[in-house]
Amino acid sequence: MKRRASGVLGIFSHLDLVVKTIKRLKEEGHQDLRVSSPAPFHEIEEVLESRVSPVRFFALIGGILGALSGFALTIGTSISWPLITGGKPIISIPPFLIIVFELTILFGGVGTLIGVFLNARLPKISLDTTYDPRFSEDLFGVFVSCPKEKFHSIAEILKSSGAEEVRFEED
Amino acid sequence: MRFSLSRRNFLKMLGFGSASTALSSCSSEPIDKIIPYLIPPEEAVPGIADWYATLCRECPSGCGLLAKIREGRPIKVEGNPHHPVNRGGLCMRGQASLQSLFNPDRIRTPMIKRESGDFQTISWKDAEKEILDILKTKIDQQKTGEIAVITPLIKGSLERLLKKWMDAFHIKNHLIYEPISYEDIKEANRIVFSKAEIPLYSIEKAEMILSFGADFLETWISPVEYSKAFGNMKRVDIKRQLIYIGQRMSLTAANADEWISLKPGTEKALILGLIHFILKEKLHSDLPFLELELIKGLVKDFSLDRVSSHTGVSQQTIERIGKEFSKANPGLALGGGIAVKGLYATDISVAVNLLNYICGNIGRTVRFGHEIGIGRVNPYRDMLRLIESIEQSRLKVLLLYNVNLMYNLPDSSGFQEAIKRIPHVISISQFMDDTAKEANLIIPSSMSFEEWGDYMPRKGVFGLQQPVIKPLFESRGFGDILLSLVRSIDEKQKGQIPWNNFHDYLKNSWKGIHKDLSPEIGFDHFWEGSLRRGGVFRAETDKEVKLSTKVSLDSKIDLKDKEDEKSSTLLLYPSIKYFDGRGANKPLLQEISDPLSKIAWDTYLEMNPETAVALKVVEGDFVSVESKDGRMELPVHIYEGIRKDVVAVPLGLGHIEYGRYAKQRGVNPINLLSKKTEEISGGVIWSPIFVKIERINKKKSLASTQGGRRQFGRGIAQALFFSIGKGILHLKTEKDIKKEIKEGKKRDMYKPHPYPEHKWGMVIDLNACIGCSACVAACYMENNIGIVGEREVIRGREMEWIRIEKYVENKGNGLDIRFVPMLCQHCENAPCEPVCPVYAAYHNPEGLNAQIYNRCVGTRYCSNNCPYKVRRFNWFSHSWPEPLNWQLNPDVTVREVGVMEKCTFCIQRIREKKEVAKEEGRRLRDGEIIPACAQTCPTEAIVFGDLKDPKSRVSKLWNSQRGYRVLEEINTKPSVVYLKKIKREI
Amino acid sequence: MRYSKDITYGKVNTDILKILEKPGKIYYFLLFIVLSVLSVGVFAWVYQIYSGIGVAGITHPVAWGIYITNFVFWVGIAHSGTLISAILYLFRVSWRNSIYRSAEAMTVFAIMTAGLFPIIHLGRSWYFYYLVPYPSQTMLWPNFRSPLIWDVFAVTTYFIISFIFLYMGLLPDIAAVRDKAKGFKKKIYSLISLGWSGTDREWRHHSSAYLFLAAMATPLVVSVHSVVSWDFAMSIVPGWHSTIFAPYFVAGAIHSGLAMVLTLLIPLRKVFKLEEYITQKHFENLAKIIIFTGLIVAYSYATEFFIAWYSNNIYEQEIYKYRVIGDYALYFWIMVIFNTIVPLLFFFKKMRTSTVSLLIISILINIGMWFERLVIIVTSLAHEYIPFSWGLYRPTWVEIAILAGGFAFFALLFLLFVKVLPAVSISEIKEQIEPPRKGES
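Residues numbered from 1 in each chain as written. Chains lettered and ligands numbered in written order. Predicted model: local features only at pLDDT ≥ 70, side-chain atom pairs only at ≥ 80, totals over all residues. Heavy atoms only, no water.

### Describing the overall build of chain A
When its secondary structure is counted, chain A shows 5 helices and 4 strands. Reading chain A from its N end, one meets helices and strands in the order β-α-β-α-α-α-β-α-β. At 25 Å, chain A has a C-alpha radius of gyration far larger than the 16 Å of a compact globule built from 171 residues. For the C-alpha atoms alone, the extent of chain A along its principal axes is close to 80 × 35 × 30 Å. As presented, chain A carries roughly 8100 Å² of accessible surface, and 64% of it is formed by carbon and sulfur atoms. Considering chain A, the positive charge centre built from 18 side chains and the negative charge centre built from 20 side chains are found 5 Å apart. (Helix = DSSP H or I, 4+ residues; strand = E, 2+ residues; numbered from the N terminus. Rg over C-alpha atoms; globule rule 2.2 N^0.38 Å. Areas by Shrake-Rupley, 256 points an atom, 1.4 Å probe, with all protein chains shown as cover. Lys, Arg positive; Asp, Glu negative; His and termini not counted. Charge placed at Lys NZ, Arg CZ, Asp CG, Glu CD.)

### Here we look at the overall build of chain B
A tally of helices and strands in chain B yields 29 helices and 40 strands. For a compact globule of 986 residues, the expected C-alpha radius of gyration is about 30 Å, and chain B comes in at 28 Å, within 12% of that figure. C-alpha extents for chain B along the principal axes are approximately 90 × 75 × 70 Å. Among the 986 residues that make up chain B, the fraction classed as buried is 68%. Relative to all contacts within chain B whose residues are 6 or more apart in sequence, the contacts with residues 24 or more apart total 74%. Only carbon and sulfur atoms are counted for the fraction: they give 53% of the accessible area of chain B, which is about 34400 Å². For chain B, the centre of its 143 positive side-chain charges and the centre of its 123 negative side-chain charges are spaced 3 Å apart. (Buried < 20%, exposed > 50% of the residue type's maximum accessible area, 1.4 Å probe, protein only. Contact = heavy atoms within 4.5 Å.)

### Structural notes on the interface of chain A and chain C
With 63 residues of chain A at the contact, the number on the chain C side is 57 residues. Note that E43 of chain A and R437 of chain C form a salt bridge whose closest N and O atoms lie 2.8 Å from each other. Joining chain A to chain C, the criterion identifies 24 residue pairs in polar contact (both at pLDDT 80 or more). Secondary-structure elements contributing two or more residues to the side of chain A that touches chain C are α1 (15-27), β2 (33-36), α2 (42-48), α3 (55-80) and α4 (93-119) of chain A. When its residues are assigned to classes, the side of chain A that touches chain C shows 35 nonpolar, 16 polar and 12 charged. (Salt bridge = Lys/Arg side-chain N within 4 Å of Asp/Glu carboxyl O. Polar contact = N/O pair within 3.5 Å; in protein donor to acceptor, adjacent residues only side chain to side chain. Nonpolar A, V, L, I, M, F, W, Y, C, P; charged D, E, K, R; others polar.)

### Concerning the packing of helix α3 (residues 66-90) of chain C against helix α7 (residues 200-233) of chain C
Residues and elements named next belong to chain C. Running from N to C, α3 and α7 cross one another at 150°; their axes reach a closest spacing of 9 Å. When the axis of α3 is compared with that of α7, the two are roughly antiparallel. Viewed along their axes, α3 and α7 form a crossing whose handedness is left-handed. Of the residues contributing to the contact of α3 with α7, the split by class is 17 nonpolar, 6 polar and 1 charged. (Axes fitted to C-alpha atoms, helices over the stretch in contact; angles between N-to-C directions. Parallel < 35°, antiparallel > 145°, perpendicular 65-115°, else oblique. Left-handed = near helix turned anticlockwise from the far one by under 90°.)

### With respect to the pairing of strand β7 (residues 173-176) of chain B
All names here are of chain B. By the bridge criterion, 4 bridges tie strand β6 (residues 147-151) to β7 in an arrangement that is parallel. Residue A148 lies in a different strand from β7, and its bridge partner there is N173. Taken together, β6, helix α5 (residues 157-168) and β7 form a β-α-β motif whose crossover is right-handed. (Pairing = 2+ DSSP bridges. Right-handed = clockwise from strand over helix to strand, strands pointing away.)

### So, helix α4 (residues 124-140) of chain B
All names here are of chain B. Across its 17 residues, α4 extends 24 Å between first and last C-alpha, which sits within 8% of the 24 Å expected from 1.5 Å per residue. Taken together, the buried positions of α4 are occupied by W124, A127, E128, I131, L132, I134, L135 and K138. Down the axis of α4, the buried set is contained in an arc of 160°. They therefore lie on one face. Relative to its buried face, α4 has exposed residues pointing more than 90 degrees away, namely K125, K129 and D140. (Expected span 1.5 Å × (residues − 1). Arc of directions from axis to C-beta.)

### Comments concerning the sheet that holds strand β17 (residues 453-458) of chain B
Residue and element names in this part refer to chain B. Strand order across the open sheet formed by 3 strands is β17-β18-β19, with antiparallel pairing between neighbours. Two strands close off the open sheet at either side, each with one partner strand: β17 and β19 (535-537). Between one strand and the next, the sheet's axes are offset by a mean angle of 20°, whatever the strand orientation. Two elements, strand β18 (residues 461-465) and β19, share 3 bridges in a ladder whose sense is antiparallel. Bridged to V461 within β19 is F537. Contacts between helix α20 (residues 523-533) and the sheet are confined to β18 and β19, with β19 contributing the most and set at about 90° to the helix.

### A closer look at the confidence of the model for chain B
Residue and element names in this part refer to chain B. Within chain B, residue pLDDT values average 87, and 93% of them lie at 70 or more. Here residues 1-5 scores under 50 on pLDDT; set against residues more than four positions off or in separate chains, the count is 17 contacts. Per-residue pLDDT stays below 50 along residues 7-31; that stretch engages in 48 contacts with residues further than four places along the chain or on separate chains. Model confidence for the complex is summarised by a pTM of 0.91, with the ipTM given as 0.91. (pLDDT = per-residue confidence, 0-100.)

### Quick word on the packing of aromatic side chains
Evaluated as defined, the whole model comprises 74 aromatic pairs over all chains. When the ring of Y807 of chain B is compared with that of F388 of chain C, the centres are 6.4 Å apart and the planes differ by 75°; the resulting orientation is edge-to-face. Linking Y807 of chain B in strand β31 (residues 803-809) with F388 of chain C in the loop between α13 (355-382) and α14 (397-420), this pair reaches from one chain into another. Here Y807 of chain B and F388 of chain C have matching classes, each one buried. These aromatic residues form a ring-pair network of at least three members: Y861 of chain B together with W64, F232, W240, F245, Y248, F249 and Y301 of chain C. The ring of Y573 of chain B has R248 of chain B lying over it, and the distance from NZ or CZ to the ring centre is 3.6 Å. Sitting over the face of the ring of Y100 of chain C, R96 of chain C holds its NZ or CZ atom 4.4 Å from the ring centroid. (Phe/Tyr/Trp six-rings, centres within 6.5 Å; stacked < 30°, edge-to-face > 60°. Lys NZ or Arg CZ within 6 Å of the ring centre and 35° of its normal.)

### Comments concerning the interface of chain C and chain B
Opposite the 49 residues of chain C that make contact, chain B presents 58 residues. Contact between chain C and chain B buries roughly 4300 Å² in total, counting both sides, with carbon and sulfur atoms accounting for 58%. Taken as a group, H60, R124 and F388 of chain C account for 20% of the area that chain C buries against chain B, more than any other trio of residues on that side. At the boundary of chain C with chain B, the tally comes to 36 residue pairs in polar contact (both at pLDDT 80 or more). Contributions of two or more residues to the side of chain C that touches chain B are made by α5 (147-180), α7 and α10 (314-325) of chain C. For the side of chain C that touches chain B, the class distribution of residues is 31 nonpolar, 13 polar and 5 charged. (Buried area = accessible area lost by both parts, 1.4 Å probe.)

### Regarding unusual backbone geometry
Between N329 of chain B and P330 of chain B the backbone carries a cis peptide bond, its omega angle lying at -5°. Within the fold, P330 of chain B resides in the loop between α12 (315-327) and β12 (331-334). The linkage connecting H60 of chain C with the following residue, P61 of chain C, adopts the cis geometry, with an omega of 5°. As for its position among the elements, P61 of chain C is in the loop between α2 (25-51) and α3. Within the chain, Q142 of chain B stands out as a residue other than glycine whose phi angle is a positive 60°. Following the sequence through the fold, Q142 of chain B ends up in the loop between α4 and β6. Here S393 of chain B, not a glycine, exhibits a phi torsion of approximately 40°, which is positive. Examined against the element boundaries, S393 of chain B turns out to sit in the loop between α14 (380-391) and β14 (397-401). Residue class for S393 of chain B comes out partly exposed when judged on its relative accessible area of 41%.

### Notes on the environment of K113 of chain B
All names here are of chain B. Looking at the element boundaries, K113 is found in strand β4 (residues 111-113). For K113, a relative accessible area of 27% corresponds to the partly exposed category. When the C-alpha positions of K113 and A600 are compared, they lie 35 Å apart, and in sequence the two are 487 residues distant. Apart from residues lying up to four places away in sequence, K113 is in contact with D118, F119, K437, E438, A439 and N440.

Take a look at the structure:
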């Protein structure tokens, strides 16, 4: 089943036009935009005024969990079966810290991955109908989700601001 | 009955284990029980070892053994502490003796030679018939003079039985043959003291020993006995010294305070020079005027300067030795080693006797009246006569019992050809050796562990040998063979020899001993006691001897010894590993490296570095060695402990036959010997042999277990020096020790281990250790250590848990060779433990560094991190060809490939004794637990015990003034303390 | 850095996706060689397991040999990948973008290769899982004091993180491939592209995650080779027990890694005609870093000898003397010359601009660094505290075969990679080139 959303998609081939369009749409009060691009662009992010990604917190939490489990594993297992080696104490912290460090990084990394997936809604089973294969090449897409009656006004805006192609998506 | 050790068979053995030990070795009908060393077993309990006293027959010295029996199989032998010869100690060869019992190459059935020349198995009945036919025909033809019997040194009942048996068959000729014999000493004693015997030497009592080529720590007469005595002598007073005079630094010389190297064949001159000096200086003990004049007469030409120039020993040295030796009270001069068995062997022994006599050692350290057994051996001359009579075909039947003449007689003797001309050669032997191969009829004789017997190494020592296992194969004891033969001839003989089996005969003849020794107690009681003890031992009183008036010796300095300048002198010496060659087919003896050369699995030519440079050869290059009588090719081993004009080769290898381990391995130097015998005693002329040495274009890498040869100031084998008057230099004081302990504590980052119950520790006295490697052998036998073979030894993969490290120092007394037994040090801060990722190595609560084989995955990190390099890795799984595997110790795991292993301080023995103590509800006694290495050590250099017990011997020695721990500076805190060697500073 | 003007977004896609087209003869030829070498290696390992580790030349006292050498070598190779992809990313070094992909892939494959050797090295390889922390029925866990366990953790973490990092970067490009692919291929690519559609939301989280991963990979890469170096530094073996090992090894690792990047990129660029994307400038920059790491390595060598002399520790001194004039002197001199002298040639512009000299020098450095590890491991073990048990190590054919097999395994993975996934990052090059603008405002 395809994810359907009602709205208008404008396809551009120039970055500056995309940016202009977004500005205009926002002025016109259209907040719900989705921009597709072949690469990340700060211009776009700026005009969209999107929040800072929360992935960082996932990384942090992952890291902390890692550190804790590191301590738990090393100290716990050493106590559960105390064997003396090389005249060192059963709980020899310095070597254990290495394990702790590695696990911190490991869990941090995994946390980040999870963060991306949750936030970016990945993985997707199937692509949006509004997706155009050329987005991964050299075209930009601006999708404005809106009720049917607004279609024409938005199409106007898109066309006038240089969209090469305009599509209507209805559910 | 052939066994293969399947589980079923093993269980069977559990079943009749006790039975098989209790049964007599030989004939089928059950006879007397054999009696264990300690408690008589109601039933041999599986899992519990019984100990039986018996004898070691690996060489003529006749040590007493205790055999450890598990589930009906002897798995380990140890010295019998009651036996006066070895007093609990045992040498490498004794330890390996079980490998001759369980040797895979033993002859298993009687065999007869077919026309085609290969052997065919026959039944005992047929075999005996064969023999009888031959003997009967000779008797009928009245030609029993054509029969000769040759045996090794047999003493006591067997000898008497053989006598009777020979009478029954009207056989006259019986030769007792031992390749290494001492007829020169015997002869010299006849000449000097008119007493043709080999005396008893009290090394313990001697304050100073002068050894002229007598290697009494290796093979000379009774090595274990003398090693033990040597150890005690050193213990009594550290400053007692041994001076060795000879061309080669033998193991004995390496343990001497000084090695004096003199020109080949000039020993006589040196000794007479010493006498001359002592008499001149009037240092001798008071002698009757006539004797004095007599001796003076004999030594008149041997003035210091002449002797010195002749022998190449400096005048000061001779004077010094002369002074000190005459001062020693008593001293002891020894001679008659192979090294001096040359053209003047007897003269040298005569001179030695005189030297002892004028210093008043006779009757104190040289004691007569004990009739050491080896004195009964026929000299080489008699063998040559025998060969002659074969050549003149006056000899048609040769009955050989356990003698390997083909190997031990030089080719020049002509025996190798002669034997082919004898119609009937009957070989009663354990192995298909060089000689057995030549026989027409082969009778498998039992190993000493399978048969009853007794042996008298000297007067007053009656060793009893009881069987500890049923014969593995269809073999029989010599005594039983004789009896069953005699039984099947006419009635008259039966009347004279009524016994059914040798056991009966033995018991009967012991009735006689019982009568002489202790008639007061009942015989059965006496018999049982003797079996349990391993014999009866009585202190014999010495016999007085006085100087014969007819003392004489060829008393002129002659320089004709050296033939031409180019040729160098070859010295042969019996190997501490193979003795005269009979050890060659024991994998263990092959595997253990020689204490001095550190080479295993091969024969080599020892050569002085300078000679090697002159010849342009390096270690492992082959040279051809050619004497008048033979030629051989062998690799060179560079050894600084030998004179420039001398080279040496150990005996023992180079067998043509004799089993998988010995066959075609190494060369047999005996074939360089000449047919000539020494005029007076008729002994072999072992040295000097003049040889031409040429480099040949061939090389091999010798299986050496040694890496670096020096210590590079690492203080692994430490020594202290003493000088007469000054005493021992740099000996630690109590204050130093206290300081050390304090600093030791300071060095630690963490607090010490608690050790709730025990803390096992070991002290090794390097002043007692002679490097004989008996401990190594004991360790192999106790711990199922794998034999890897020559190729792997070359790669450095030998498995020894304890090794004798040899280091060469050039400080102090010129060349100084030191030995260190190196085993797992069971460190308190063991570097091997923390690096193991899987906890295979850890420190147990009793201070042992434990190794858990089935955890080990084989990262080998522990081995890298062990500063002592005592961990050994199983690069392959090892195999023990049937029935060698019967000897494996059931208390010790057999390790598989990919596992690290090492010394455990014989943890299985610790366990055993702890359980015993627990059952008896008592604390462990000090000295109750003895690891295999410590137990066998002939000089008692190794002491093991509990450091938590302040009264234990090991605790007392722990902080000795001579004590040190190897690589102390890395603070691994080993549980092994070494006591520094003490050497005389010159 | 700037690419030539005529590179447009569209061109980037077409050019780079061209790499993935049906391979030519050379490719198959290489594949054949690699596979045959690999099979020899595999045979050798099977033979070793069958008849016992003893068929390798390692012995007493040199219980570690070529296998551990390879482990350290390959872990080292991995590092520069991370350096280029993560560290240079953090520093916003623009020229990294077109080469980081292959570097990062190299990292992942190098770790995979490295991971094999500790297992091959074990006396009982079939019990390798004893090193993994899992509740065995005895409930005895690994000994966390052992550097080998640190290795297990460090290398595993490094592999996982590097893999995630590589995959993150790949996502948009896989999407690009997907959009061009047809039929069955398309299915596969759609699957692994996880439905990436380049929306602003995706880009936003993606780039922030990318940043954090880079930030985490950076300390990780340092820690990993430090841990590897501690396998030696934590022991008491003279010549191993040294405090400078960690930085010394990390520098060495990057040294060898950069060389390996060159060795891989130069043919890649040639075969797939990527001159426009991977330019001389890239190689030149790499060469400059190599000079730098080479100097660090040289300094470490010098320090070791100075300390040995200065400490006045006879064991240390013996070892270093032994390295220079002992049985393995040849290896030592190969190591010194190839790692410290040869890289200095890059001071000459000619040397760093001609691909031939670049290739040769980079290979020499790889050889040199391999010998560095061998020298460190073998000489120290051969000449430890107890002179009596000094010994020699002679590799056998088994070890050589497995060594070659290791290289083949690595090469195989890389060959497959270039044909399956874009070996040059499409989206990140686009970040670098001027986006299409109309220009009027």
